[in-house]
Amino acid sequence: MSAGDHLAGLDAMSLADLRAAWTERLGGELPKLRTRELMALALAHRLQIRADGDLSGSSKRRMAELARRFREDRGYMPTPGPNLRPGTTLIKEWRGVRHEVWVLEEGFSYMGQRFGSLSEVAQHITGTKWNGRVFFGLKERRR
């Protein structure tokens, strides 16, 4: 049975019905949630985990770290990870001009020209040496 089959009808259930569904489908102690919306989300989450599996330990740690950073700094903006797959487009606005770079199997393409690294692309755009991952926002600048 898919997660979708398990989730069918949760939106229409009352808080009492959701609590009964939790007990019937999952057993164990009910969460101390007081709103229908939160109970529906919690039940849906647990049913999806049961049907499809949970996140990996590294994903859970990454999410906990992101939650901590957001609590400490409401303006925090995480940057994408370092894995760039062919076909990905990087967009950077620099001095009022939009620059688009395509990730290739080997290297990068910018304005029809091939480059071996993002740093080469950044230097081509700016005229100065840059760490390409920093320039394109893929890595935080060390202070």
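Scroll up for the structure.
Residues numbered from 1 in each chain as written. Predicted model: local features only at pLDDT ≥ 70, side-chain atom pairs only at ≥ 80, totals over all residues. Heavy atoms only, no water.

S.K.: Can you help me understand the side chain of Thr-126 in this one?
M.R.: You can see Thr-126 is positioned in helix H5 (residues 118-126). Look at Thr-126 and you get buried, because its relative accessible area is 16%. Looking at Thr-126, its side chain comes within polar contact range of the main-chain oxygen of Ala-122, at 2.9 Å. Non-local contacts of Thr-126, meaning those with residues more than four positions away in its chain, are made with Trp-94 and Phe-135. (Helix = DSSP H or I, 4+ residues; strand = E, 2+ residues; numbered from the N terminus. Buried < 20%, exposed > 50% of the residue type's maximum accessible area, 1.4 Å probe, protein only. Polar contact = N/O pair within 3.5 Å; in protein donor to acceptor, adjacent residues only side chain to side chain. Contact = heavy atoms within 4.5 Å.)

S.K.: I'm lost on the nonpolar core in this one. Help?
M.R.: General note: in soluble globular proteins, nonpolar side chains tend to be found buried as a group. Counting 13 residues, the largest nonpolar core has Val-101, Leu-118, Val-121 and Phe-136 as its most contacted members. Elements supplying a minimum of two residues to this core: strand E2 (97-103), strand E3 (108-110) and H5. Among the elements that make up this core, the one with the highest residue count is H5 (four residues). Other than its neighbours up to four places away in sequence, Val-121 contacts Val-101, Phe-108, Tyr-110, Phe-115 and Phe-136. If you look at the next biggest cluster of nonpolar residues, it comprises eleven residues, including Ala-21, Leu-26, Leu-43 and Leu-47. (Core = buried A, V, L, I, M, F, W, Y, C linked by side-chain atoms within 4.5 Å.)

S.K.: Honestly, the pattern of salt bridges in this entry has me stumped. Any pointers?
M.R.: Should the charged atoms of two oppositely charged side chains come close, the side chains can pair. Tallying each qualifying case throughout the model produces five salt bridges. As a salt-bridge pair, Lys-32 and Glu-29 come within 3.6 Å of each other at their nearest N and O atoms. No difference in accessibility class separates Lys-32 from Glu-29, as the two residues are exposed. Note that Lys-60 is salt-bridged to Asp-54, the shortest N-O span being 2.8 Å. Judged by its relative accessible area of 43%, Asp-54 falls in the partly exposed class. Linked by salt bridges that have partners in common, Glu-65, Arg-68 and Glu-72 make up one network. (Salt bridge = Lys/Arg side-chain N within 4 Å of Asp/Glu carboxyl O.)

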